[in-house]
Amino acid sequence: MDHRKYKLVIFDVDGTLLDTSEGLLNSTIYTIRQLGYGMPSQDVLCSFIGPRIQDSFHRVYGLTGEELDRAATVFRNHYKEGDVLLAKPYDGVYEILEWMKKKGMHIAVATNKRQDFVEELMGKYEFNSYNELVCGTDLEGKLQKADLIRMCIQGFSDCRTDEVVMIGDSSYDAIAAQDVGIDFIGVTYGFEFHTEEDVRRWTNIGIVDSLMMLKEKI
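Here the residue index of a chain counts from 1 through its sequence in written order. It should be noted that, the model being predicted, local features are given only for residues of pLDDT at least 70 and side-chain atom pairs only at 80 or more, the latter also being counted only at that level, while totals for whole chains, interfaces and linings use all residues. Hydrogens and water molecules were not included; the side-chain quantities draw on all heavy atoms of the structure.

Draft legend 1. Inspection of the state of the cysteines at higher detail. A pair of cysteine sulfur atoms is labelled a disulfide when the two atoms are within 2.5 Å. Under the counting rule described, the total for this entry stands at zero disulfides. You can see Cys152 has no disulfide; the closest cysteine sulfur is in Cys135, sitting 3.7 Å from it. Here the term buried applies to any residue with accessible area under 20% of the maximum for its type, exposed to any over 50%, and partly exposed to those in between, with areas from a 1.4 Å probe on protein chains only. Under the relative-accessibility criterion, Cys152 is labelled buried at 0%. Its sulfur unpaired, Cys159 is 11 Å from the next cysteine sulfur, which belongs to Cys152. Look at Cys159 and you get buried, because its relative accessible area is 9%.

This is how it looks when you write it as structure tokens:
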């Protein structure tokens, strides 16, 4: 596979830059108990990590309309009280961001986390010295991942779509990148992708099992 040079690298957050599983699971379990729903298996609980919270509650419990809005509100109100900051940076994250910065690449974030949540996270874990643009979802959670990627690209007028790559750990990231028409690299250390075969189901130009391996791909 030919290695290409990119002007803009867009990162997912949950399962890509940060292991945010503790806080997300805490708030998911709280919401399920608060609303009186049956507790799913651990595998199903873990599937809440990454997608928009509305998508997960609709998929697992079939919620729609006001009931779905209520679940999302309960989750977010609890999450912002402290769970949002329960995260661990993945090995090599600062080193690879520093390397990209020295190479002159633009770095941005596109995440299904709400904008205020992701800004708080980026500040706490000192990513702001690397990120030039952070695009999280709106308060109503209407923006899709592809919308967020497009917002990132629009923020850099010197970048064509063929000079942009998305880095993520899930099918949501892969599908969104394909919809926008940019390259995608899947990481296997996150929440959804665990093997190379998981990533190969989707259009991609690379698969890595550590952040430092990105040096070989971009």
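Draft legend 2. Region of interest: the nonpolar core. Residues belong to one nonpolar core when they are buried, are Ala, Val, Leu, Ile, Met, Phe, Trp, Tyr or Cys, and are joined through side-chain atoms within 4.5 Å. Residues Phe11, Leu18, Met100, Met122, Leu214 and Ile218 are the most contacted members of the largest nonpolar core, which totals 52 residues. A helix here means a DSSP run of H or I that spans at least four residues, while a strand means a run of E at least two residues long, and both kinds are numbered starting from the N terminus. Looking at this core, the element that brings in the most residues is helix H4 (residues 65-79), giving six residues. With residues up to four places along the chain from it excluded, the contact list for Met100 reads Val9, Phe11, Met105, Ile107, Leu214 and Ile218. Core analysis: the next-biggest nonpolar cluster, separate from the first, contains 23 residues, Leu8, Ala176, Ala177 and Phe184 among them. Residues are treated as being in contact if the distance between any of their heavy atoms lies within 4.5 Å.

Draft legend 3. Seen up close, the pattern of salt bridges. Throughout this description, the term salt bridge denotes a Lys or Arg side-chain nitrogen within 4 Å of a carboxyl oxygen of Asp or Glu. Enumeration according to the criterion identifies twelve salt bridges in this entry. Across the pair Lys7 and Glu163 runs a salt bridge whose closest N-O atoms are separated by 3.7 Å. On the criterion of sequence distance, the pair formed by Lys7 in the segment before strand E1 (8-11) and Glu163 in the loop between helix H7 (145-154) and strand E6 (164-168) is long-range, its members being 156 residues apart. Overall, the relative accessible area of 36% leaves Lys7 in the partly exposed class. Among the residues examined, Glu163 registers a relative accessible area of 11% and is labelled buried. The network of salt bridges with common partners includes Lys7, Arg160, Asp162 and Glu163.

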